[in-house]
Each structure stands twice: as structure tokens, then as C-alpha cells.
Amino acid sequence: MKVKRLREDFVVREVSRLPLTGGPHAAYRLQKIGLGTPEAITEILNIWNLPRQDVHYGGLKDRHAVTSQLVTIFNGPREPLVQPGFSLEYLGQSPHSMTAGDIVANEFAVTLRSLNREQADRFTHTANSLTSCIPNYFDDQRFGSLGESGQFVAQPWCLGEYERALFLAIAEPNPHDRPDDREQKEILREHWGDWQACKDSLERSHRRSIVTYLVDHPAGFKKAVGLIRQDLRGIYVAAFQAKLWNEIVVRYLPELLPESSFLTAYGTGGKLRFPQDVPADRVAELAQVRIALPSGRKTDWSPAVARLLDDVLAEFEIPRHKLRFSYPRDVFFARGQRDLLLIPRDFSVVSSDDDLAGVGIQKLELRFSLLPGQYATMLLKAVDMLAVS
């Protein structure tokens, strides 16, 4: 099975309830291909010479897909913008900026290719039954900020190890780095601690602004972490929180389903566990279960989840009361709860001949919608694994 053989094989459309009733925030539909949301936003900021704090969006959309989402700009131009890789369609004015809370769902159209007829039939049967118990894990896209060391930026940050957090954020190599970012990070690693040498060699960027501060304050790593771009800080924090949530679920499922057998898969964020052959009545029960996002600000944990959270945090050498950030004050782990199970809505699958392959090779066209924050790639991963088990 091949996913994303073409970028057009994975299409995501964000459905929003953002009101367009007038107001100071210009609303746009951002359509992009081959770009992540942060990269597209940076291009928009540069082209229209906008301050970053004026631009808001509800979520990150995959760079390896054709995606559509809403963006607002405070006092933004009331006109479209078309560039290679993305476009902005002006929709109207809104009384408030776009947030994650404005997203109702994400609609997906996914084409799977290079399946023989038996594989296509098996996948279709498994997908259509949807009695498989699919955990609502965060998938690899949430962990794109994880560098070569595998250490999350937010982990030393929670512990007050600001120099290490800064190094991971601005200097550690990442598989997703563009060539210019790779070069800039190499300069930082080579001259780390010699801030004047770093400044002299770096191009103008947010990294150079941080280094400029360190030239005058060589040991000011705490303040320097606060100078990391706010959108990037949010990505680092969300990635670590997602890792902790996934690890709780991996440990919790065998307690909830003690008689089930499990399949194991591995992703960027680590090991994932998928139960098999769960009776429909148990799936219905588990569909009502929600697990809180890990945060040091939460105090009313259930005993079972609190025990598992402490076990997970022990692996990161973080006591539960230190699962927070003392600086800067605008950084915190999000509060809220997440459904234990991923349950698609309006699911359909249609098989046909694969136009990119030989005779007898099938493609499947899937359509479905998911709640905000759920991952279509996780559904595909789980159904594919269960179909061949």
C-alpha cells in the first residue's frame, strides 16, 4: 500500500465556524501544497510585511498534502494572494481572530495505491467495519520538531535547564530542516558559546536575534529561551505534551482491555499499541472515555491515570509538580481532555483500478471527517495493520 504517492492523494479541508460578520480581522482560506503551515505563514508575513502577532490560525496542516484552512490577519489586506505552493482567498471580516476552538472538523479525501485485489478487499472490509478499537494517538506530524537526539525541547525547559533547551530549539539538526536552516544550525553548533562568532556568521533571522542578546549576556540562557519565536515555543510544548499523553494511553489500554491482544507499531514519537478484536459493546464504552492532557496545573487526576502519568514522567526525570514552565509566563501546557478513541464520521471507501500502476492493481479512495486534533494518518496506520494481522 502506498500513501501520498501524489500530493493530491491526501487532501484535507478544515471546517470552521469562524463568524464573518464584520470586524477588524480579515479572514482568508489558505490553500497550500508542499508547505507546512508555519512555513506558509512566514512567507505571508514577509510578502505583506506583517508582524507575526497579527496572524492567527487554528491548527497545523501537513506539508505532504493538499490542505485548506482558515487564517485571520488583524487589519489585513482585503485582497487575495497567490504564490508558488500556496494561495490566500479573502473571505471577509471577523470580530475575532481564528483559534483552534473555531474548528468544527477536518474533512479528508485520501487515495491509497498499489494494492492487489486481495489487499484492497481486506482493507475495505476492515475499514468499513470500524469495530476495530483505534486509539486516538497523536501521530508523527505532532513530533516534527523532534531533532536527532530524540530529546524534546520542553523536557529540559521544564527542569530549568535553559541552555540545553535553547540548543535543542535553535541548533540541533532536524530531518525536516531546509538547506539554509541546516547551514545556520551547523554554524551555531560549531561556535556554540562564542556568540560574537555566531553573530558574525549567521544570516538575519530569529536565531541571530537570540545570539545578539547572548553577545551582551553570555550566560543569559533563561531570557534567551523567552526570545524564541512564540509560534515555535508553542510547537515545542505541544509536542512534549502529546508524547506524554501517548505514553499514558499505551500503558492504560492493557488495564482497560486485559483480555485483548495488541499489535505494536513505532513512529517518530515512539511505541504505539493497538488492540485487536474488541467487542462492539466494549468499543462503545471506551468511546466515552476521555483522558486529560498532562499539565502540572491539573490536580484532580483519577488515581489510575495519575499513577501512569508519574511512571511516564519518571522516565523523563520530571516530578509531576514540575510539569510546568516558570519562564516565560506566556508558555504553558494546554488544559483539556482528549478522546481515547479515534472514530471517523461519514466514512466511505471506493475501489477502482490504479491509474498509476499495471493491470489488476487497485486504488482505494477514502472519504471521512475527524474531530479537530485527530490524525487521519493514525486511522490509516491502524486499519492497515489490523487488516494484515
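Here the structure is shown first, and the text comes after it.
Residues numbered from 1 in each chain as written. Predicted model: local features only at pLDDT ≥ 70, side-chain atom pairs only at ≥ 80, totals over all residues. Heavy atoms only, no water.

**Q** Whenever I open this one, helix α11 (residues 303-315) confuses me. Can you help?
**A** Each α-helix turn comprises 3.6 residues. Residues three or four places apart therefore point the same way. The end-to-end C-alpha distance of α11 is 19 Å, a good match for the 18 Å that 13 residues give at a rise of 1.5 Å each. All of the buried residues in α11 are V305, A306, L308, L309, V312 and L313. Mapping the buried residues of α11 onto a view down its axis gives an arc of 165°, with all of them on the same face. α11 presents P303, A314 and E315 as exposed residues on the side facing more than 90 degrees away from its buried surface. Contacts from the buried residues of α11 go to α9 (230-256) and β11 (290-292). Positive backbone phi, approximately 60°, marks E317, located one or two places after α11. (Helix = DSSP H or I, 4+ residues; strand = E, 2+ residues; numbered from the N terminus. Expected span 1.5 Å × (residues − 1). Buried < 20%, exposed > 50% of the residue type's maximum accessible area, 1.4 Å probe, protein only. Arc of directions from axis to C-beta. Contact = heavy atoms within 4.5 Å.)

**Q** Help me understand the nonpolar core in this model?
**A** For soluble globular proteins, nonpolar side chains are generally found buried alongside one another. In this structure, W157, L166, F240 and L366 are the most contacted members of the largest nonpolar core, which totals 99 residues. In terms of residue count, the dominant contributor to this core is α9 (15 residues). The residues contacting W157, other than those within four sequence positions of it, are Y162, A165, V225, R233, V237, F325, Y327, P328 and V331. (Core = buried A, V, L, I, M, F, W, Y, C linked by side-chain atoms within 4.5 Å.)

**Q** Sorry if this is basic, but what is going on with the pattern of salt bridges here?
**A** Side chains carrying opposite charge are able to pair once their charged atoms draw close together. For the structure on display, the rule yields 21 salt bridges. For R320, the salt bridge goes to D310, with nearest N and O atoms at 2.8 Å. A residue pair is termed long-range when its members are at least 10 positions apart, and R320 in the loop between α11 and β12 (337-339) and D310 in helix α11 qualify at 10 residues. Judged by relative accessible area, which is 28%, R320 ranks as partly exposed. Here the salt bridges share partners, and the residues they tie into one network are D9, R113, D354, D355 and K363. (Salt bridge = Lys/Arg side-chain N within 4 Å of Asp/Glu carboxyl O.)

**Q** Can you help me understand the pairing of strand β10 (residues 270-275) in this one?
**A** In regular strands, side chains alternate between the two faces of the sheet. β10 sits mainly inside the fold: five of its six residues count as buried. Judged from the six bridges that link them, strand β9 (residues 262-267) and β10 form a sheet pairing that is antiparallel. Its bridge partner lying in β10, T264 is registered against R273. (Pairing = 2+ DSSP bridges.)

**Q** Even after reading the chapter, I still don't get unusual backbone geometry, so can you show me in this structure?
**A** Note: most peptide bonds trans; most residues except glycine with negative phi. Backbone torsion omega between Y327 and P328 reads -10°, so that peptide bond is classified as cis. You will see that D277, though not glycine, has its phi angle at about 55°, which is positive. Tracing the backbone through its elements, the reader meets D277 in the loop between β10 and α10 (280-286). Residue D277 is classed as exposed on the basis of its relative accessible area, which comes to 74%. One non-glycine residue, E317, adopts positive backbone phi at about 60°. Topologically, E317 is positioned in the loop between α11 and β12.

**Q** Whenever I open this one, the packing of aromatic side chains confuses me. Can you help?
**A** Think of a pair of aromatic rings as described by two things: how far the centres are apart, and how the planes are tilted against each other in angle. Overall, the coordinates contain 17 aromatic pairs when judged by the stated rule. With centroids separated by 5.2 Å and ring planes inclined at 85°, the aromatic side chains of F240 and F316 adopt a geometry described as edge-to-face. With F240 in helix α9 and F316 in the loop between α11 and β12, this residue pair connects regions lying 76 residues apart in the sequence. Here F240 and F316 have matching classes, each one buried. When the ring of F347 is compared with that of F368, the centres are 5.8 Å apart and the planes differ by 20°; the resulting orientation is stacked. Within this pair, whereas F347 is found in strand β13 (residues 345-353), its partner F368 is found in strand β14 (residues 362-370), the two being separated by 21 residues in sequence. (Phe/Tyr/Trp six-rings, centres within 6.5 Å; stacked < 30°, edge-to-face > 60°.)

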